[in-house]
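# Examination of the molecular architecture
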Amino acid sequence: MIGDIRETKECQLKDPMDLFNSGQVVKICAPMVRYSKLAFRTLVRKYNCDLCYTPMIVAADFVRSAKARDSEFTTNKGDHPLIVQFAAKEAQVLCDAARIICPFADGIDLNCGCPQRWAISEGYGACLINKPELVKDMVRHVWSQIDNPKFSVSIKIRIHEDLKRTVDLCQKAEAAGVSWITVHGRSIEERHQPVHYDAIKIIKQSMSIPIVANGDIKTLKDAENVHHLTEADGIMVARGLLANPAMFAGYEETPFQCIQDWVDIALEHGTPFTCFHHHLMYMMERITSKQEKKVFNVLSSTSAVLDYLNNHYGV
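Figured I'd write up the structure that's included with this text.

Rules of the game
- Residues numbered from 1 in each chain as written.
- Predicted model: local features only at pLDDT ≥ 70, side-chain atom pairs only at ≥ 80, totals over all residues.
- Heavy atoms only, no water.
- Helix = DSSP H or I, 4+ residues; strand = E, 2+ residues; numbered from the N terminus.
- Expected span 1.5 Å × (residues − 1).
- Buried < 20%, exposed > 50% of the residue type's maximum accessible area, 1.4 Å probe, protein only.
- Arc of directions from axis to C-beta.
- Contact = heavy atoms within 4.5 Å.
- Phe/Tyr/Trp six-rings, centres within 6.5 Å; stacked < 30°, edge-to-face > 60°.

A separate point is helix α16 (residues 302-313). Between its terminal C-alpha atoms α16 stretches 16 Å, which fits the 16 Å expected from twelve residues at 1.5 Å a residue. Listed as buried for α16 are V305, Y308 and L309. For α16, the angular spread of the buried residues around the axis is 95°, confining them to a single face. The secondary structure elements touched by the buried residues of α16 are α13 (256-269), α14 (273-284) and α15 (290-296). Positive phi shows up at G314, right after α16, with a value of about 70°.

As structure tokens, then:
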């Protein structure tokens with residue numbers, strides 16, 4: 001991380017709010033465990049992605065351990081604008097993490113949406129939507145200790161069954177100075193149920209800061225439809241970008257040039273084989289037959305994958 005970070009000091013950090021003030025819908029790569037790391041962010045930025053998030057990082061570990069910082073966070077001068085997402089439950093710990101990251105990223109995001117049991121049992125993630133005063137305090141604390149006016153502080157949430165509680169949470173966060181709010185339109189209990197885009201629209205109409213819509217957006221057409229339904233200022237995509245990193249550039253399925261770009265970027269960044277291979281499995285899901293998948297998905301080395309891609313697709 002350290003070499004990459006030194007390089008970043010030479011570049012101009014960006015103000016993410018400029019994107020929201022541009023009048024265009026902001027196209028965003030979601031924080032994804034294991035997946036939204038530097039190499040993948042580099043790829044989606046080539047295909048019209050405006051703003052990228054890191055995977056969620058536990059702030060307490062990040063503050064406490066240099067080893068955690070080195071393994072959890074890498075960046076470079078082209079990796080902007082960049083939002084680092086933290087899991088935190090104490091205001092000062094989040095502040096300490098924000099202060100460490102501030103020279104190398106354009107903002108932080110507080111995860112108030114992760115529904116996984118481990119996160120909720122630790123007091124992280126989606127349980128924070130039931131603690132609006134704590135969220136407000138955490139946002140305020142960060143602003144009081146970061147002196148860069150271009151640095152953003154955002155939150156990502158899920159919705160309550162009673163939407164009035166969600167609107168109250170959002171308004172408290174806005175009063176504390178939050179830059180924007182990303183709304184995943186499902187409750188903590190919901191996994192694969194339809195996304196409540198109507199709820200996102202109500203939240204958007206109740207706020208004066210930017211709102212980002214998230215949930216079940218798999219194509220550029222989906223993104224346009226969700227923008228129309230919710231009036232959101234930005235669209236955040238997770239699995240849709242895994243399946244097609246070029247979706248924001250209007251491709252219906254992953255083009256072979258994008259696969260070639262991923263191979264080049266992943267090898268350049270020294271991406272571990274499992275991650276390199278998994279991304280390709282996602283990207284090729286729609287463009288390979290069942291028989292091809294059976295062969296490709298069990299390949300066990302980078303050289304075997306490269307040989308397969310070269311022999312079958314000329315990549």
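Next comes the rest of the description.
This paragraph deals with the packing of aromatic side chains. Within this structure, the stated rule accounts for nine aromatic pairs. Between F40 and W262, the aromatic rings sit 6.4 Å apart at their centres with planes inclined by 75°, giving edge-to-face as the arrangement. Placement of F40 in helix α3 (residues 38-45) and of W262 in helix α13 is noted, with a sequence separation of 222 residues between them. Neither F40 nor W262 differs from the other in exposure class; each is buried. Between W118 and Y124, the aromatic rings sit 6.4 Å apart at their centres with planes inclined by 70°, giving edge-to-face as the arrangement. The buried category is assigned to Y124, whose relative accessible area is 8%.

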